[in-house]
Amino acid sequence: MASDKPANRPESVQSPRRQFLQVAGLTGVAAMAGCIGNDGSGGNGDGNGGGNGDTGDDGNGSGEEEPVDSAFTVSINTVPTDIQYNVYNATGEASAEVEAVVFDPLVKNDRVNDEWIPVIVDDWEIDGDTLDLELSEEHTWHNGDPVTADDLATQFRIDLELGQPTADFLSSVEVTGDHSLRATLESDTINTDLLFLTVLDRRLTVKADMYGEYLEAIQDAEGDEERESAQSELLEWAIEEPVGNGPFKFDDADSNRVLAVKHEDHPDADGINFPEYEFRFTSGNQERWQGLLNDVTDGEGQLGITEEVLAQMPDHVELIRPPEADGVSLVFQHEDTVFSDPRVRKAVTYVLEGEVLSGDSTLNYQFQELAMNTGMMPTQAENYLTEELRSSLTNYNVDQEEAESRATELLQEAGFSNEGGTWMTPEGDTFNLPLKTIGAWWSIQAQSITAQLQEFGIEAEFVSQDLGTFYGDLGDGNYVMAIDGFSGQHPVQTFSTVFDSSESGMGVPEEIEVPMPVGDASGSAETVNVRDLIDQVRNTRDEEEVRGLVEELSWIYNQSLPRVPHLIGTGMTFMTNDDWEYPAADEPSMQIFYPPYWLLRTGELQAKTS
């Protein structure tokens, strides 16, 4: 069978494995934004103050020498007893850190070496409009049942029934053996990079005999009402004790911690020489900093930190800097609010200069003008957009005098008026903008933004919410303006969360009017169907065609400004080398998100022994 693997990927990757991912696209970016770690990487080296040396035992914790620390401890910012493990339940509390250890991914993208690492999916082949997957026969669920193709097929089928991003790439799934399945692709020209990033770069969280009845109820439903009821049953189902398939299994949870114990039947268990993994609840970044400063925690997958706090860290706390991972954006609700008018979106953006949007940003989140103007990660903009196009984009980060002048002009064009220093809507009401966000994550940025808007004469108000309430409101479109995270390893993933996703609740219309041709802000206005453009990218493997479409999407974004990505985060992973051994921080394998979780799959996170 002819293979059509993603460009620059090996035909067959038979690695000692393994890697991890969060389920991007199911809960927006709830597990991103530098506040919740997702996973990590492996590597081999000895430059961390001890390296991955010989522990003196057989590597599985059964030797005579005992680990100095029996549990690797990280922090979580969700109350342990509130966590539920049904990933389709978007309103329940979740913890990407716990999921990163309890569930294994299908495959993982090694960005440094530009290749895919097999984990649960051992091998794959694409031929025309079919994707054949072979699953590992070594994986078991934590109750002892084997991981089978029925489990993955059930997960894919639920995705299709719920209209998850998987549905943009797969049309059907067929189990062809105990550990093999065949998926029919939406077309024989599906973009294979996007296919892997969307469909396979995620965890296997669905066990067929647990989720099967919910899937059957949806499939057997007669009529819209019955179908919606069946879907709601699944979406509201909360799993308090997960049955996972990762290297550690859920053991217990109380108000302070989640405890996981080693899954002895995991294929990588022999490389783990400590018995427990602990997740301690913290209420925010400052408490997480204290955890490292006071030796309460052993690592953090992703943690924002200030220069002052970093300087206080003990010598045995080591900083690892993976590449840019995610970002923070100002999100506008487009449906039935003042932000349905692009002039209002642009006016508000002009008011908020870079330093205002940054707030008192931590070292891992910094203002990026290129992201603000292009809608995507800076490295993506540099790789996909010509210098000529980048120079033709409207720059919304200008000096204060010019910014306020442009904002005033745009608001007046939109029918707003300024009465005694206070802006009024076209209907004569006070221009009030409630700004919602997760208080534990982005309160500093929210306070900075609302203060600047108030100074300009807009009655802005910061509304602090917990994670579950915020993402419930975001998904329902119950907001006017919000601060949320975003990510995407491919530009179209980033654009899809704006132009082609109901999950954000942004209400962006399918057709947008912008000046054309691309790069000419004074050109004639044309109506463009952005979702058609995204579909075109998904359905081509021609790199030049993809580049042209990305340029057009970025131009449309720049001229319509549906949201404002302003902070871009580089990974800041912390690990401690007083009781632990792992590869050197500059090893390529340490650049995969995130070492405290991924190294479990490679045997390269070792407890020192006594």
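The following refers to the structure shown. Just so it is clear, the model here is predicted, and its values are computed rather than measured.

**Quick look at the packing of aromatic side chains**
For step 1, the next point in the chain: Tallying each qualifying case throughout the model produces 21 aromatic pairs.
For step 2, the next point in the chain: Taking 5.7 Å as the distance between ring centres and 25° as the angle between the ring planes, the aromatic pair formed by F248 and F274 counts as stacked. Remark: F274 occurs in the loop between β9 (257–262) and β10 (276–281) and F248 occurs in strand β8 (residues 248–253); sequence separation between them is 26 residues.
For step 3, the next point in the chain: Owing to a relative accessible area of 0%, F248 belongs among the buried residues under this scheme.
For step 4, the next point in the chain: A relative accessible area of 1% places F274 in the buried class.
For step 5, the next point in the chain: Directly above the ring of Y384 sits R547, whose terminal nitrogen or CZ lies 5.4 Å from the centroid.

**Examining the sheet that holds β8**
For step 1, the next point in the chain: Across the sheet, which stays open at both edges, the 4 strands sit in the order β1-β10-β9-β8 with mixed pairing between neighbours. Only two strands of the sheet have a single neighbouring strand rather than two, namely β1 (71–76) and β8. Each strand of the sheet is rotated relative to its neighbour by a mean of 25°, with strand direction disregarded.

**Description of the sheet that holds strand β5 (residues 130–135)**
For step 1, the next point in the chain: Strand order in the open sheet made by the 4 strands is β4-β5-β7-β6, with antiparallel pairing throughout. At either margin of the open sheet sits one strand with a lone partner, and together these are β4 (121–127) and β6 (170–177). Sheet twist, expressed as the mean angle between neighbouring strand axes with direction ignored, is 20°.
For step 2, the next point in the chain: With 6 bridges joining them, β4 and β5 adopt antiparallel strand pairing. Considered in β5, the bridge of W124 is made with L133.
For step 3, the next point in the chain: Helix-sheet contacts for helix α2 (residues 149–162) involve β4, β5, β6 and β7 (180–185), and the interaxial angle to β6 is about 165°.
For step 4, the next point in the chain: Most of the contacts of helix α3 (residues 192–200) go to β4, to which it runs at about 145°, and overall it touches β4, β5, β6 and β7.

**What about the pattern of salt bridges?**
For step 1, the next point in the chain: According to the stated counting rule, one finds 17 salt bridges in the structure shown.
For step 2, the next point in the chain: Among the ionic pairs, E510 bridges to R531, the shortest N-O distance being 3.8 Å. Linking E510 in the loop between α16 (491–499) and β20 (511–516) with R531 in helix α17 (residues 530–538), this pair joins segments that are 21 residues apart in sequence.
For step 3, the next point in the chain: For R531, a relative accessible area of 26% puts it in the partly exposed group.
For step 4, the next point in the chain: By sharing partners, the salt bridges in this structure join D145, K207 and D209 into a single network.

**Quick look at the packing of helix α13 (residues 400–413) against helix α14 (residues 439–456)**
Helix packing for two helices is described by the angle between their axes and how far apart those axes are.
For step 1, the next point in the chain: Relative orientation of the contacting elements α13 and α14 amounts to 70°, with a least axis distance of 12 Å. When the interaxial angle is binned, α13 and α14 end up roughly perpendicular. Two packed elements cross with a definite hand, and for α13 against α14 that hand is right-handed. From α13, Q400, E404, A407, T408 and L411 reach across to α14, where they touch Q452, E455 and F456.
For step 2, the next point in the chain: Of the residues assigned to the contact of α13 with α14, the class counts are 3 nonpolar, 3 polar and 2 charged.

The rules behind each value
- Residues numbered from 1 in each chain as written.
- Predicted model: local features only at pLDDT ≥ 70, side-chain atom pairs only at ≥ 80, totals over all residues.
- Heavy atoms only, no water.
- Phe/Tyr/Trp six-rings, centres within 6.5 Å; stacked < 30°, edge-to-face > 60°.
- Helix = DSSP H or I, 4+ residues; strand = E, 2+ residues; numbered from the N terminus.
- Buried < 20%, exposed > 50% of the residue type's maximum accessible area, 1.4 Å probe, protein only.
- Lys NZ or Arg CZ within 6 Å of the ring centre and 35° of its normal.
- Pairing = 2+ DSSP bridges.
- Axes fitted to C-alpha atoms, helices over the stretch in contact; angles between N-to-C directions.
- Contact = heavy atoms within 4.5 Å.
- Salt bridge = Lys/Arg side-chain N within 4 Å of Asp/Glu carboxyl O.
- Parallel < 35°, antiparallel > 145°, perpendicular 65-115°, else oblique.
- Left-handed = near helix turned anticlockwise from the far one by under 90°.
- Nonpolar A, V, L, I, M, F, W, Y, C, P; charged D, E, K, R; others polar.

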